[in-house]
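# Topology and contacts: notes
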Amino acid sequence: MTAKPLVEMRNISIAFGGIRAVDHASLDLFPGEVVGLLGHNGAGKSTLIKILSGAYRRDSGDIYITGEKAEINNPRDAKKYGIETIYQTLALADNVDAAANLFLGRELKTRWGTLDDVSMEAEARKVMGRLNPRFRRFKEPVIKLSGGQRQSVAIARAIYFNARILIMDEPTAALGPQETAQVGELVKQLKAEGIGIFLISHDIHDVFDLADRVCVMKNGQVVGTARTSDVTQDEVLGMIILGKCPPGAVPGPGAMPMAA
Amino acid sequence: MSSVSSSDDAPALVEEGPVARFFRATELDTRTLGMVAALLVIWVGFDVYSGMLRPNEGLFGGSFLTPRNLWTLSVQTSSIAVMSTGMVLLIVMRQLDLSVGSMLSTIAVATGVLQVFELGPWLGVGHPAIWIIAVLFALVLGALIGAFNGVLTAYAGIPAFIVTLGGLIAYSGVAWALIRGETVAPMDKTFKLIGGNGPLASIGPFWSWTLAAAACALLVLGLLNGRRQRGRVNFPQRPIWAEAFLAVCGSAAILGVTAIVNSYAWAPKIIENYAKENNIPIPPGVEDRTGDAICMAGDAVVRCNEGLVFYTGYAIPVLIALAVGFAMTFLASRTSFGRYVYAAGGNPEAAELSGINTRWLTVKVFMLMGVLVAISAIITSARLDAATNSLGQLNELYVIAAVVIGGTSLAGGVGTIYGAMLGALLMQSLQSGMTLLNFESAYKDMVVGAVLVTAVFVDQIYRRRLK
């Protein structure tokens, strides 16, 4: 891949009260590529990705979007660069309906500047029809929806606004097997459209099915990055658990020093 | 959350009874209807009970359901009702303002001092600009105090409960310091009208009917517009009969209330003075002590059925409260500001991640609360025709009680403006009713407190059954 990376994060660090949650992590993503971000709970994957989505402000390091230095200090900035995120917690406002969640922060307005609820619901019906054709509960607050339905609202929100970069944080954690397969299909479809996707998961099988490359983190540091074709699942497990970087991977600062 | 629901296929439709179908078709909120029913029960109860003690011309023989009492009730409710609309948004956003009572007295006193000691001597008492300057001053002061509360809460990270508890104590100190416990009076003569003070502070039957007709027209237009909008994108619509039902009931309510305020006549003495001042001849007639009008029986002015009479119509503070309610409902449901307030109350983190600046939003809501407190301060001091630092005492509790009775959840995310205003009316009905029945104030407080707790309890049961 010689094209310019869509996203390049260089030497990103953030500390919370003395704990280095992310420590000089570097990561890149190309158009139409799925990069799986793996690691234990607390390895720093979600934190790293929240820096990209603007939820956290980094202490140091730079972010480049298509080769240009990007200023991402809050979620609004990230959205301006076409970065959309599906959070592990889904980040839905439980008390309002699907359309209100879909357009939260980017409402459609009538020509008098008031909310155009009818248009928003119509658009919500369109995009939800694509993701989850059986979904019909547009009038209800999302707290009344099932886990899968809530998930599809969160996904709809991420893809509706023509994302260039999609971050999926444990997108299948709350889903059954059939819905998980649906998400897999969706990832392939979006990838074909040239969208770059960060897939955060601790399910190594999921990641191997969908990702082109994996990046493993441990204790806030990048252990290594590898094409999924160059490493085995066991080797990746070794990276996650021991921080041992196999020959097929490019080692990062967190790789265990190898006894030659 | 724990219940696994499969209503995608809406199997409930088949078993739906006529009552359920009625409520679904009209999209009426059963909770609000319950509140209206409770209100009517309280009203009828007071009227019947007062009729047993001392018969009067009320609907059930008492003195509660008389135009005079209902008109007074509407004026008394307006101050709390105005503030409750702002408190709804604050509580929906998981904030709280305990300082509204003290803010009210501070603003009222400061505005009173400005009018009486500064503007009066400077521009001359009764200058037409005084009331405008006073009102603007009050609104700006309210916004500033609100912004102060909001900044401390949102940017300094102090919990709103603490910030405004401090405000409750501190602002009442400010009000005291401004006038050292004295009473500032009288207010400017135009300013007074805002409080419903005096016969000219109501708009009279003609304008009341005009306004009522306009409100009915707006209601019908609103229903039609909603129908057209939903038709544009082929959404399911209410059946025609349900639309007609809403239009008829809504219009009947508007016209009914207007008929009531339009049948409350000025007191005979006031009519007589007004006639003398404006050289209006008082026609001769036959004395009737139950009549609303005045006439000349020989040389004496007496009450009679046929003669000179003026009816009050809507009082200005009531119109202000209605306008505020209308504007706040619009703000809460039709603008992105309102949408953000509700979303931030439902899930503050989600709102933040959606790119909403929740801190600045918090400051804005506190400022709005401050402006509404200023409106109430104007109404209250204008109604009393004086400003003292005891104005607004305990108002924070009445406002919060009204909001909670009105169905706003203290957990945030849920609440309506009209619910809170109905809650304010309910609270005031209880208090006025018990005053009418000569309850001791200690017992009044006990009843009001008990009603607040009971209302929330009933609401909890209702919500649990709904799930």
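Residues numbered from 1 in each chain as written. Chains lettered and ligands numbered in written order. Predicted model: local features only at pLDDT ≥ 70, side-chain atom pairs only at ≥ 80, totals over all residues.

An unreviewed UniProt entry lists chain B under the name Xylose transport system permease protein XylH, with Mesorhizobium marinum given as the organism. Under the UniProt heading Subcellular location (unreviewed entry), the note attached to chain B is "Cell membrane". (UniProt positions renumbered as here; feature names shortened; annotations may be inferred.)

The name an unreviewed UniProt entry gives chain A is ATP-binding cassette domain-containing protein, with Mesorhizobium marinum as the organism.

## Thoughts on the overall build of chain B
Assigned secondary structure in chain B consists of 18 helices and two strands. For 467 residues, the compact-globule estimate of 2.2 N^0.38 gives 23 Å, and the C-alpha radius of gyration of chain B, at 24 Å, lies within 12% of that figure. Dimensions of chain B, computed from C-alpha atoms along their principal axes, come out at roughly 80 × 55 × 45 Å. With 467 residues in all, chain B has 42% of them scored as buried. At a minimum sequence separation of 6, the contacts of chain B that also span at least 24 residues come to 72%. (Helix = DSSP H or I, 4+ residues; strand = E, 2+ residues; numbered from the N terminus. Rg over C-alpha atoms; globule rule 2.2 N^0.38 Å. Buried ≥ 20, exposed ≤ 12 C-beta atoms within 10 Å, placed from the backbone. Contact = placed C-beta atoms within 7 Å.)

## Quick notes on the sheet that holds strand 4 (residues 60-65) of chain A
Residues and elements named next belong to chain A. If you walk across this open sheet you meet the four strands as 2-1-4-5, and the pairing is antiparallel. Looking at the sheet topology across the chains shown, the edges are occupied by strand 2 (19-29) and strand 5 (68-69). Strand direction decides the pairing type here: strand 4 and strand 5, joined by two bridges, are antiparallel. What sits directly across from Ile-65, in strand 5, is Glu-68. Sitting on the sheet, helix 1 (residues 45-52) touches strand 1 (7-16), strand 2 and strand 4, and the angle it makes with strand 1 is about 115 degrees. (Pairing = 2+ DSSP bridges. Axes fitted to C-alpha atoms, helices over the stretch in contact; angles between N-to-C directions.)

## Points about the confidence of the model for chain B
Residues and elements named next belong to chain B. Per-residue pLDDT for chain B averages 90, and the proportion of residues at 70 or more is 96%. Low pLDDT, under 50, characterises residues 1-13; the predicted model gives this stretch seven contacts beyond four residues in sequence or across chains. In the predicted complex, the global pTM is 0.90; the interface-specific ipTM is 0.87. (pLDDT = per-residue confidence, 0-100.)

## Structural notes on helix 8 (residues 233-242) of chain A
Residues and elements named next belong to chain A. For helix 8, the full list of buried residues reads Val-236, Met-239 and Ile-240. Looking down the long axis of helix 8, one finds its buried residues gathered within 95 degrees of arc, a one-sided arrangement. Turned more than 90 degrees off the buried face of helix 8, the exposed positions are Asp-234, Ile-241 and Leu-242. Taken together, the buried residues of helix 8 touch strand 3 (34-38), helix 7 (204-210), strand 9 (213-218) and strand 10 (221-227). (Arc of directions from axis to C-beta.)

## With respect to the pairing of strand 1 of chain A
Strand residues, when the strand is regular, have side chains that alternate between the two faces of the sheet. Residue and element names in this part refer to chain A. In this structure, strand 1 lies alongside strand 2, joined through seven bridges in antiparallel fashion. Paired with Phe-16 across the bridge in strand 2 is Ile-19. Here strand 1 folds back onto strand 2, and the loop between the two strands holds two residues, one of which, Gly-17, carries a positive phi near 55 degrees.

## A look at unusual backbone geometry
Negative phi characterises most residues that are not glycine, and trans characterises most peptide bonds. Following Ala-185 of chain B, the chain continues into Pro-186 of chain B via a peptide bond in cis, with omega recorded as -10 degrees. Tracing the backbone shows Pro-186 of chain B in the loop between helix 7 (160-179) and helix 8 (189-193). A positive phi is found at Thr-66 of chain A, a non-glycine position, where the angle reads about 40 degrees. A positive phi angle, close to 50 degrees, is found at Asn-162 of chain A, a residue other than glycine. Inspection of the secondary structure assignment puts Asn-162 of chain A in the loop between helix 5 (147-160) and strand 7 (165-169). Take Asn-162 of chain A: there are 9 C-beta atoms within 10 Å of it, and that puts it in the exposed class.

## Focus: the interface of chain A and chain B
With 25 residues of chain A in contact, the opposing surface of chain B contributes 29 residues. If you list the elements that add at least two residues to the side of chain A that touches chain B, you get helix 2 (75-80) and helix 4 (117-131) of chain A. Broken down by class, the residue content of the side of chain A that touches chain B amounts to 13 nonpolar, four polar and eight charged. (Nonpolar A, V, L, I, M, F, W, Y, C, P; charged D, E, K, R; others polar.)

## As for the sheet that holds strand 10 of chain A
Residue and element names in this part refer to chain A. A sheet is described by the order of its strands in space; here seven strands give the open sequence 6-7-8-3-9-10-11, paired in mixed fashion. Across the chains shown, the open sheet's two edge strands, defined by having one partner strand only, are strand 6 (83-86) and strand 11 (250-251). Alignment of strand 7 against strand 8 (residues 196-200), held across five bridges, turns out to be parallel. Looking at strand 8, one finds that Asp-169 is bridged to Ile-200. Helix-sheet contacts for helix 5 involve strand 6 and strand 7, and the interaxial angle to strand 6 is about 175 degrees.

## A few points about the UniProt feature "domain: ABC transporter" (unreviewed entry) in chain A
The UniProt record marks residues 7-244 of chain A with the feature "domain: ABC transporter" (unreviewed entry), using the residue numbering of this structure. Annotated as 34% helix and 26% strand, the span residues 7-244 of chain A places its first and last C-alpha atoms 26 Å apart.

## Points about the domain arrangement of chain A
Residue and element names in this part refer to chain A. Entries for chain A in the domain assignment read domain 1 (7-82 + 164-251) and domain 2 (99-160). Inter-centroid distance (C-alpha atoms) of domain 1 to domain 2 is 27 Å. Contacts between domain 1 and domain 2 engage seven residues on the former and six residues on the latter. In terms of residue count, the dominant contributor to the side of domain 1 that touches domain 2 is helix 6 (residues 177-192) (three residues). Taken together, the residues that form the side of domain 1 that touches domain 2 break down as five nonpolar, one polar and one charged. (Domains from an automatic or database assignment.)

## As for the pairing of strand 7 of chain A
Residues and elements named next belong to chain A. With five of five residues buried, strand 7 lies mostly within the body of the structure. Residues Ile-165, Ile-167 and Asp-169 line one face of strand 7 and the alternating positions Leu-166 and Met-168 line the opposite face, and both faces are buried. Handedness of the β-α-β unit built from strand 7, helix 6 and strand 8 comes out right-handed. (Right-handed = clockwise from strand over helix to strand, strands pointing away.)

## What to know about the domain arrangement of chain B
Assigned domains of chain B: these are domain 1 (1-65), domain 2 (71-201 + 315-466) and domain 3 (204-310). A C-alpha centroid distance of 28 Å is found between domain 2 of chain B and domain 3 of chain B.

## Section: helix 9 (residues 204-232) of chain B
With 29 residues, helix 9 of chain B extends 42 Å from end C-alpha to end C-alpha; this agrees with the ideal 42 Å at 1.5 Å per step. Taken from the residues just after helix 9 of chain B, Asn-234 of chain B is the one with a positive phi, measuring 60 degrees. (Expected span 1.5 Å × (residues − 1).)

## Some points on the packing of helix 4 of chain A against helix 5 of chain A
All names here are of chain A. One way to put it is that helix 4 packs onto helix 5 with a least axis distance of 10 Å and a crossing angle of 110 degrees. When the interaxial angle is binned, helix 4 and helix 5 end up roughly perpendicular. Relative to helix 5, the crossing made by helix 4 is right-handed. Contacts between helix 4 and helix 5 pair Val-127, Met-128 and Leu-131 from the former with Ser-152, Ile-155, Ala-156 and Tyr-160 from the latter. Looking at the contact of helix 4 with helix 5 residue by residue, the class counts come to six nonpolar, one polar and no charged. (Parallel < 35°, antiparallel > 145°, perpendicular 65-115°, else oblique. Left-handed = near helix turned anticlockwise from the far one by under 90°.)

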